[in-house]
Amino acid sequence: DAMVIQNPRYQVTQFGKPVTLSCSQTLNHNVMYWYQQKSSQAPKLLFHYYDKDFNNEADTPDNFQSRRPNTSFCFLDIRSPGLGDAAMYLCATSRDSGALQYFGPGTRLTVT
Amino acid sequence: QKEVEQNSGPLSVPEGAIASLNCTYSDRGSQSFFWYRQYSGKSPELIMSIYSNGDKEDGRFTAQLNKASQYVSLLIRDSQPSDSATYLCAVDRGNNDMRFGAGTRLTVKP
């Protein structure tokens with residue numbers, strides 16, 4: 001019955017080795033978001049898709065990219081992970097702008 | 001000034017007491033306000049949403065909004081140990097621009 005699914009739940013990657021995190025949803029929501037959350041900090045919005053329209057936050061590093069091949073799936077690509085990119089990555093969806101956001105379980109990324 | 005500010009806590013209350021969590025925000029044009037609960041190592045879980053001034057009650061939870069003061073609060077009545085978590089205040093500034101506070105850590109002692 002999971003509505004927002006993230007894979008993997010835990011990811012370990014090496015410094016500089018590209019990594020892709022996956023998010024899928026069964027809610028048929030228009031909007032999908034990626035957040036980065038470091039320990040004891042607020043979730044920080046990286047970017048979001050409204051349908052196929054991509055919206056990047058101004059301060060999101062170029063190292064972070066995203067793809068949304070269809071309504072159900074959204075990917076977060078980190079091209080060259082640094083130690084500072086270790087965090088929990090949260091995917092969320094909402095039916096429309098301003099609507100409630102529902103979060104997936106998150107992917108905990110460790111960079112060695 | 002942070003966009004969404006919360007007292008980081010920890011806030012400690014005895015079981016059965018009322019826990020009061022506060023949040024202020026900077027963008028006066030914000031229209032939608034949310035409270036999320038986050039257990040350690042887990043993702044945020046939506047508890048309440050509020051869109052207009054006043055109080056909104058849902059079970060043991062009451063959200064309060066005062067747009068003139070740019071202030072949102074969450075009251076938890078009859079607090080239980082299972083309520084121990086970090087509570088995140090979130091403010092939607094429009095155009096899918098959601099800003100979160102860093103959260104208040106609540107501990108309910110049996």
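Residues numbered from 1 in each chain as written. Chains lettered and ligands numbered in written order. Predicted model: local features only at pLDDT ≥ 70, side-chain atom pairs only at ≥ 80, totals over all residues. Heavy atoms only, no water.

Asker: How should I be thinking about the sheet that holds strand 3 (residues 19-25) of chain B in this particular structure?
Answerer: Sheet strands line up and pair through hydrogen bonds in the backbone, either parallel or antiparallel. Residue and element names in this part refer to chain B. Judged by pairing direction, the sheet is antiparallel, and its 5 strands sit side by side in the order 1-3-8-7-6 without closing on themselves. In the strand order of this sheet, the two ends are held by strand 1 (4-6) and strand 6 (54-58), each with one partner. Direction aside, the axes of adjacent strands within the sheet are offset by 20° on average. In terms of strand pairing, strand 3 meets strand 8 (residues 71-76) through 6 bridges, oriented antiparallel. Its bridge partner being in strand 8, T24 is matched across the sheet by Y71. (Pairing = 2+ DSSP bridges. Helix = DSSP H or I, 4+ residues; strand = E, 2+ residues; numbered from the N terminus. Axes fitted to C-alpha atoms, helices over the stretch in contact; angles between N-to-C directions.)

Asker: Help me understand the side chain of S94 of chain A, please; the structure alone is not making it clear to me.
Answerer: Within the secondary structure, S94 of chain A is located in strand 9 (residues 87-94). Setting aside anything within four residues of it in sequence, one finds S94 of chain A in contact with H29, N30, V31, Y33, A99, L100 and Q101 of chain A. (Contact = heavy atoms within 4.5 Å.)

Asker: Explain the interface of chain A and chain B here, please?
Answerer: Often, the extent of an interface is quoted as the loss of accessible area on bringing the components together. Taken together, the 25 residues of chain A in the interface contact 20 residues of chain B. Salt-bridge contacts for R99 of chain B lead to E57 of chain A; the nearest nitrogen and oxygen are separated by 2.9 Å. The tally of links from chain A across to chain B stands at 4 residue pairs in polar contact (both at pLDDT 80 or more). Among the secondary structure elements, those contributing two or more residues to the side of chain A that touches chain B are strand 4 (31-37), strand 5 (44-50) and strand 9 of chain A. In terms of residue count, strand 4 of chain A provides more of the side of chain A that touches chain B than any other element does, 4 residues in total. Class assignment for the residues of the side of chain A that touches chain B results in 13 nonpolar, 9 polar and 3 charged. (Salt bridge = Lys/Arg side-chain N within 4 Å of Asp/Glu carboxyl O. Polar contact = N/O pair within 3.5 Å; in protein donor to acceptor, adjacent residues only side chain to side chain. Nonpolar A, V, L, I, M, F, W, Y, C, P; charged D, E, K, R; others polar.)

That is the geometry; function is a separate question.
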